[in-house]
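# Survey of secondary and tertiary structure
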Amino acid sequence: MRLPRRTAIAMPALLALPRPLAAAAAQDRPLFGTELSTLPNGLTVARIPRPDSPVAVHMIWVKAGSIQDPEKRSGTAHFLEHMMFKGTPTLPAGGFSRAIARMGGADNAFTSQDVTAYHQEIAAEDLARAMRMEADRFVHALIPDDEIAPEREVVIEERRQRTDNSPRSRFREALTAALWGDHPRGGPVIGWPDDIRAITRDDLAGFHLARYAPGNAVLVVQGGPEETPELIAEIWGSVPSRAFVARSEPPPPAAATLPRLERRERGIGDPAFIRAWIAPSLTTGDTQHALPLEILTGVFGGGPAGRLHRALIEPGLATAAYARYDSESAGASEFSLLAAPRSDVEPGRLEAAIDALLGELIEHGPTEAEVARAIRQATSGALLSLDSAQGAARVVGSTLATGLSLDMAEFWPKHVAAVTAPQVHVAAQAVLGRGPSLTGWLLPA
Amino acid sequence: MTLPIPALVGDAWFWRSDAAPVVSIRWGWPGGSRLDPEGREGEAALGAALLTQGAGDLDATAFQEALRDRAISLSFWAERDWFGGALRCLSDALPEAVRLAALALSAPRFDDAPVQQTRARMIAQARREKEQPRILSARAFWDGIAPGNPIARPVQGTAESLAAAVPRVPARPGPALAAAAGAVAPATLAAALDMLLAGTEPPRAAPVLDAPRPFGRAVVPHAAPQSAITFGHSGRGVPPSGRGWDAAQVALRVLGGGGFGARLMERVRERGGLAYGISAGFQTIPGAGLIVGGTATANANVPRVLDLVTAEWRRMAESGPAEAEIADATAAMAGGAVRAFADTGRAVSALLAARRMGRAPEDIAARPARLRSLTVAEVATAARAALDPEALSFAIAGEPVGL
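Further remarks concern the packing of aromatic side chains. Taken as a whole and assessed by the stated rule, the structure comprises 19 aromatic pairs over all chains. When the centroid spacing of 5.5 Å and the interplanar angle of 80° are considered together, the rings of Trp61 of chain A and Phe110 of chain A count as edge-to-face. Here Trp61 of chain A, found in strand β3 (residues 55–62), pairs with Phe110 of chain A, found in strand β4 (residues 106–111); they are 49 residues apart in sequence, far enough to count as distant. Ring geometry for Phe273 of chain A versus Trp441 of chain A: centroids 5.2 Å apart, planes at 65°, classification edge-to-face. Residue Phe273 of chain A is located in strand β8 (residues 272–279), and its partner Trp441 of chain A is located in strand β11 (residues 437–444); the two are separated by 168 residues in the primary sequence. One aromatic cluster is present, built from ring pairs that chain together Phe85, Phe96, Tyr118, Phe138, Tyr212 and Trp236 of chain A together with Phe260 of chain B. Residue placement shows Arg356 of chain B over the ring face of Trp82 of chain B; its charged tip is 3.9 Å from the ring centre. Positioned above the aromatic ring of Trp245 of chain B is the side chain of Arg359 of chain B, whose terminal nitrogen or guanidinium carbon lies 5.3 Å from the ring centre.

What follows is the structure, encoded as C-alpha cells:
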C-alpha cells in the first residue's frame, strides 16, 4: 500500500501529459499515462492524472455482466444495475443521482456482456463526495423490495423501446441466439422477457454478493485534486475485502445452431443481410488473430476505398455495408458483415457478391497497401482520445475490466501498427474461412 | 471554478485549451431544410452529405481518404432552420483539415456516382424511419403543430422527395457564425477561418414562421407493443433572453429535465414504472420556439401517461416549483456549465449555441451567478407564462388502447 501510494504521488511530475506522437508506429510513450496499483483489499486502481482539468471522472467497473447472469435469469446484471440507484442505509432511492446533479455533475451506468460500470463526471473538487457515495453503494446497496416491482416495469419498457418495438433489433437478437445457441453470449444483455419477469430479490442480492467485491472490480479515476491518491486509499481502501466468484463462461460452440436464419416481418422497408462468425478475441481462442481481425474491418470498410464499397456500393448492389468486430471481449467475440441491398436488387444477387468478395479475400488475402492503409487510418487519430471528457477513463477501464493488460490501452497504436498482411490473411482464413458462422436475412413480409 | 470568456478571432468565438493537441471548429448559418423546395424535402441534407464526397481535384474516394489518413472528422448537416458544419482534428493536421473543408464548401463536385450512392442510402434510411414509432410520432407532432409550414417538413426528406432532390450547395441566406476551441494559436486560427468561411452567397430574406398551434391528439397507427409519444406546445411564453429566459429554463428543468428528480421522470418512471425515460424542454426556432417532450410506454398505458403529463404540466403552471427544487435545478445548471468545457467538441457546441441565441461572450461566465440569484416568485411567474396545459398536444405512434 505504501509503495503504490508514494509511487502514485511521485509520478505526475515525471509523466505529466503525454506529448504528441511522432508516428504511431514509433510510439514510445503511453497514450494516457495511467498509474496502476492494487489496494490491499484487492481493488485494481487506475489513476489517469489530469492536473489541469477542472473536471474529474470516477468509474467503478465490476468484472461481471450479462454473461454471468444465473441460469434462466438473463437480465440479472442489468436489473441490478438499475437497483443500485435505489438507495443505501444513508442515501434514499434516487438520492445518488440527485446529489451528483446538485454538484453540477452527471452520472449513469451501463451493463454489457462482460462488465457492469458506474460513472460520474464532476468538478475536480467534488471528487471526494462522489467517491464516498459510490464506495458506500458498492458495499451497502439496499436493493429494497418495494422498489423492485416498479423498476421491473421500467426495465420491461426499456426492453420494448430498445428491442421489441424494432423489427431490426428483434432480428439481431434472434440471429445472435441462433449463432451461439444456449451459450450465454447468445442472450441479450437486457434479458429475455420471461427471465426479466422471473428475477427475484434473491437473484439480485445474490449477484451483488457474489460479484461486487473489491477484488473483482477496477476503479478508474481521471483527474481530481492533488490529494486524489490519498482519497482513493482512504475511501476505497476501507471497503472490506471479501471472497467473490470470478467470471467464467463455457467455450464457444463449434457450430451455429442453424446455418441460416430467414425472417419475414411486416412493416419492413428494405431487407437486411448479416453474416456473423464466432471469432477469437484478445483474451480467448487464437488470440493472435484478434488485432489482425481489427485491421481486417478496415480492409473491408473504412469508406469508399474499402472492399465492401467497391464490391457492393459502386455496382449499385447495396445502399450500405459494414464490417464489425471487437477484439476486446472477456470471452469469444463475433465478426460480422452487414449490408442493405438496394430496393431493386434481388437479395440473392447481393449475397452472391458477398460470397465472391469473401472467397477472393480468403484465397489471396489483402494487399500490403490495403493493410498499411487500414493501420494508418486506425492509428493516426490515437491522440484524439485525449480530447474527450470521459474517453481515457473509458478506454483504460474497459481494457482492464475485460482482463487485458494496461499495455493494450496505453500502447494500442504500437500493437496495431505491428500487424502484417500475412497475419490478416491467416486470420481471415481461420475465422471467416473455417469458423462457425450464420447467414441471416430480414425480409419484408 | 471560473468559466471562460471566449476570445474573438475574426468573427468567431474561440476558447483556447492546450490540454490535448486537438482543435475543433463548428460553424453554420440560418437556413437548413426549411429552404428546401416543396416536393424536394431533404435537399439540404443531401447537399450536406455530398459536400464531403468529392471537391476540387479530389474525387469522392480521394477526398475521403485524405480525411481518414489524417483522422480528420469533417461533417455537414441540415437542421430545420440551420445548416451546420464541424471539423475536429489533431492540431498538426489543421491546415489540411481546413484546406479540405474550404474545398468542400467552395468547390463540391457532385459527381454522378457519389450522388447516386448517397441518394440511394438516404432513401433507404427514409424508408427505415417509417419502421420507427419515435420518428413517426415526432413527424406527426410537427405536422400537427405547424401544418404546411416549411419548418415542419422532414429534415432528411422522404423516399419520394429525395428522388426529386437536386444536389447543390445549400443556400446561405444569412452570415455564417463560427466557434473554435483547442490547441491552436489565434493567428493560425484566424487564417483558417478566413479560408473556411470566405465566399458567402449574398443574403436572402428568410420566410417568417407561423405561430405553432395546438392540435389535441393525433394517432399514427403502427403495429408495435409500445407507443411513442411526442408532446408539447408553442414556446412563445418564454422570453428570448435575460432573467425571464433563465427562470423559464429552471421551471422546465424541474418539470421535464431528463434526470432523476424531475417531476415527469419521478411521476412516470420512478413511481409509475410506466416508461424508461421521459423529458421535455425548450427547442429554439427563431420566431417560434417550442416546448417539446417525448416518452414511450406500453400501448395499454397511453391514457394514463397522457393524464400524468397533463396533470404535472398544470401543477407546474399553477404553482411553479418548490424552493428546494429550484435550488437543486439552479445548482445543477450552474455547475454543469463547467463540464461543457471538458473537451473541445463540447466547447464548440456550447459556444455556437450561445451565439445562435444572440448571447454576448461574457454571458457564459455570468450565467451561473444569475441562475443562483433567481427567486421563487420569478420562476413561478416564468412557469405560468411558459406552460399552458390547455394547449398541450400529443402525437402518438403505436396501437394505443383506451384513448
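Before going further, it helps to examine the interface of chain A and chain B. With 54 residues of chain A at the contact, the number on the chain B side is 55 residues. Across the chain A/chain B interface, buried area totals approximately 4700 Å², and carbon plus sulfur atoms make up 53% of it. Of all residues in chain A, Asn165, Leu384 and Asp387 of chain A bury the most surface against chain B, accounting for 14% of the area lost on that side. Put simply, chain A and chain B have 11 salt bridges between them. When the shortest N-O distance is used, the salt bridge between Glu65 of chain B and Arg373 of chain A registers 2.7 Å. Across the contact surface, chain A and chain B share 27 residue pairs in polar contact (both at pLDDT 80 or more). Within the residue set of the side of chain A that touches chain B, elements represented by two or more residues are α3 (95–102), α5 (145–164), α11 (307–313) and α13 (368–379) of chain A. The biggest single contributor to the side of chain A that touches chain B is α5 of chain A, with 10 residues. Tallied by class, the residues present in the side of chain A that touches chain B amount to 18 nonpolar, 17 polar and 19 charged.

We now examine the environment of Arg271 of chain B. Note on placement: Arg271 of chain B falls in helix α9 (residues 263–271). Spatially, the C-alpha atom of Arg271 of chain B lies 51 Å from that of Arg168 of chain B, the residues being 103 residues apart in sequence.

In this section: the domain arrangement of chain B. Residue and element names in this part refer to chain B. Domains assigned within chain B are domain 1 (7–196) and domain 2 (217–398). One C-alpha centre belongs to domain 1, the other to domain 2; they are set 28 Å apart. Taken residue by residue, the interface counts 32 residues in domain 1 and 35 residues in domain 2. Carbon and sulfur atoms make up 76% of the area that domain 1 and domain 2 hide from each other, which totals about 2600 Å².

This part covers unusual backbone geometry. Although it is not a glycine, Lys72 of chain A sits at a positive phi angle of roughly 65°. Inspection of the secondary structure puts Lys72 of chain A in the loop between β3 and α2 (76–83). Even without being a glycine, Phe110 of chain B presents a positive backbone phi close to 50°. Considering the arrangement of structural elements, one finds Phe110 of chain B in the loop between α3 (94–106) and α4 (112–129). A relative accessible area of 19% means that Phe110 of chain B is categorised as buried.

All names here are of chain A. According to the stated counting rule, one finds two cavities of 30 Å³ or more in the structure shown. Each pocket or cavity is described by its volume, and for the second largest cavity that value is around 40 Å³. The wall of the second largest cavity is formed by Met84, Phe85, Gly87, Thr88, Leu91, Pro92, Phe96 and Arg137. Residues belonging to the lining of the second largest cavity are distributed by class as follows: five nonpolar, two polar and one charged.

Glancing now at the layout of surface pockets. Put simply, the second largest pocket is a space of about 1300 Å³. As for the second largest pocket, its lining consists of 50 residues, and the residues nearest its centre are Thr297, Gly301, Gly302 and Gly303 of chain A together with Arg68 of chain B. Here the lining of the second largest pocket takes seven residues from strand β9 (residues 318–325) of chain A, the largest share from any one element. A breakdown of the residues in the lining of the second largest pocket according to their chemical character gives 23 nonpolar, 17 polar and 10 charged.

Turning our attention to the nonpolar core. What tends to happen in soluble globular proteins is that the nonpolar side chains get buried as a cluster. One finds Ile25, Trp27, Phe76 and Leu87 of chain B to be the most contacted residues of the largest nonpolar core, which totals 51 residues. Per element, the largest residue contribution to this core is eight residues, and it comes from α3 of chain B. Among the nonpolar cores identified, the runner-up in size contains 47 residues, and Leu39, Leu43, Tyr118 and Phe138 of chain A belong to it.

Before going further, it helps to examine the sheet that holds strand β6 (residues 177–182) of chain B. Residues and elements named next belong to chain B. Here we have six strands laid out as an open sheet, ordered β1-β2-β6-β3-β5-β4, and mixed in their pairing. Each of the sheet's edge strands pairs with one partner strand only, and the pair in question is β1 (7–9) and β4 (73–78). For this sheet, the mean inter-axis angle between neighbouring strands, taken without regard to orientation, is 20°. In this sheet, strand β5 (residues 82–90) lies alongside β4 in antiparallel orientation, the contact comprising six bridges. Bridge assignment links Phe76 to a residue of β5, and that residue is Gly85.

Here the focus is the packing of helix α8 (residues 242–256) of chain B against helix α13 (residues 363–372) of chain B. Residue and element names in this part refer to chain B. It is at 10 Å that the axes of α8 and α13 come closest, and there the two elements cross at 70°. Relative to α13, the element α8 lies roughly perpendicular. Between α8 and α13 the crossing geometry is right-handed. Contact with α8, carried on its side by Arg243, Trp245, Asp246, Gln249 and Val250, involves Arg367, Arg370 and Leu371 of α13 and no other residues of that element. Split by residue class, the contact of α8 with α13 holds three nonpolar, one polar and four charged.

Basis of the calculations
Residues numbered from 1 in each chain as written. Chains lettered and ligands numbered in written order. Predicted model: local features only at pLDDT ≥ 70, side-chain atom pairs only at ≥ 80, totals over all residues. Heavy atoms only, no water. Phe/Tyr/Trp six-rings, centres within 6.5 Å; stacked < 30°, edge-to-face > 60°. Helix = DSSP H or I, 4+ residues; strand = E, 2+ residues; numbered from the N terminus. Lys NZ or Arg CZ within 6 Å of the ring centre and 35° of its normal. Contact = heavy atoms within 4.5 Å. Buried area = accessible area lost by both parts, 1.4 Å probe. Salt bridge = Lys/Arg side-chain N within 4 Å of Asp/Glu carboxyl O. Polar contact = N/O pair within 3.5 Å; in protein donor to acceptor, adjacent residues only side chain to side chain. Nonpolar A, V, L, I, M, F, W, Y, C, P; charged D, E, K, R; others polar. Domains from an automatic or database assignment. Buried < 20%, exposed > 50% of the residue type's maximum accessible area, 1.4 Å probe, protein only. 1 Å grid on protein atoms, 1.4 Å probe; cavity = no way out; pocket = protein on both sides within 12 Å on 5 of 7 lines; lining within 4 Å. Points joined across faces, edges and corners; volume = space filled by probe spheres on them. Core = buried A, V, L, I, M, F, W, Y, C linked by side-chain atoms within 4.5 Å. Pairing = 2+ DSSP bridges. Axes fitted to C-alpha atoms, helices over the stretch in contact; angles between N-to-C directions. Parallel < 35°, antiparallel > 145°, perpendicular 65-115°, else oblique. Left-handed = near helix turned anticlockwise from the far one by under 90°.

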